[in-house]
Amino acid sequence: GTVEQDGIGAVCVQNSSGTYTAAYVPWWEMYPTNTIQVYTDSTGLNNAFTLNPGDKASMEVIDYYGAYIMKVTDDTTNQSATATATCGSGLDCQNSTAEWIAERPNLSGDYAYLLDFHKLQFLQDYAATTTGSGLEPIGDFTNFPVNMVNSSNSPLATPKPSLNKRDLGFFDQWKAVQ
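**Re unusual backbone geometry**
Phase 1: For the bond running from Tyr-31 to Pro-32, omega is 5°, close enough to zero to count as cis.
Phase 2: Note that Pro-32 resides in the loop between β2 (20–31) and β3 (37–38).
Phase 3: Positive phi, normally seen in glycine, also occurs at Asn-95, with a value near 50°.
Phase 4: On the secondary structure map, Asn-95 appears in the loop between β6 (79–86) and β7 (106–107).
Phase 5: For Asn-95, a relative accessible area of 36% corresponds to the partly exposed category.

This is the structure we're talking about:
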């Protein structure tokens, strides 16, 4: 019923000359309390920082006794942004899953094209089972790899390889735009 998450959105932006360029936007969300929120600078008007193609990034979501601290860091430039939020009124954040996801957003009822990310690497991935417990490699947990498919059930992206105990990561292989 709840998802506490952050990440990086990759979108194509058309500039004044009509060409498209990629833009990378750090964001956070406390679903269903709010929609995706872009991390902004102190003015609240601009992105908190700019990511560039090829930058390495890390994301954290920490439950600090009911206050969720969410942080996105561009590890290449050492820039970061942090947000703190709590579960919405009447909601109980379950902390029941940890997910590493590449997805395409639904925009006004239609799915966006999946950008060709070639191979997205998820490295050094850890999760904890309870507040205050130590972090364990994602391979130590029960894993459910999910292929991203289109409406015809054709694969758009596929996670590889299957995780084994003590594994710290995997990659998602891009297959098609839509």
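**Let's talk about the state of the cysteines**
Two cysteines form a disulfide when their sulfur atoms are joined by a covalent bond.
Phase 1: Under the defined criterion, the tally for this structure stands at 1 disulfide.
Phase 2: The disulfide partner of Cys-87 is Cys-93, and the S-S distance across this bridge is 1.5 Å. Around the S-S axis, the bridge from Cys-87 to Cys-93 shows a dihedral of about 120° and counts as right-handed.

**Some remarks on the sheet that holds strand β1 (residues 3–14)**
Phase 1: Spatially, the 3 strands line up as an open sheet ordered β1-β2-β3, and their pairing is antiparallel. Looking at the sheet topology across the chains shown, the edges are occupied by β1 and β3.
Phase 2: In this structure, β2 lies alongside β3, joined through 2 bridges in antiparallel fashion. Within β3, the residue paired with Trp-27 across the bridge is Val-38.

Reading the values: the criteria
Residues numbered from 1 in each chain as written. Predicted model: local features only at pLDDT ≥ 70, side-chain atom pairs only at ≥ 80, totals over all residues. Heavy atoms only, no water. Helix = DSSP H or I, 4+ residues; strand = E, 2+ residues; numbered from the N terminus. Buried < 20%, exposed > 50% of the residue type's maximum accessible area, 1.4 Å probe, protein only. Disulfide = S-S within 2.5 Å. Pairing = 2+ DSSP bridges.

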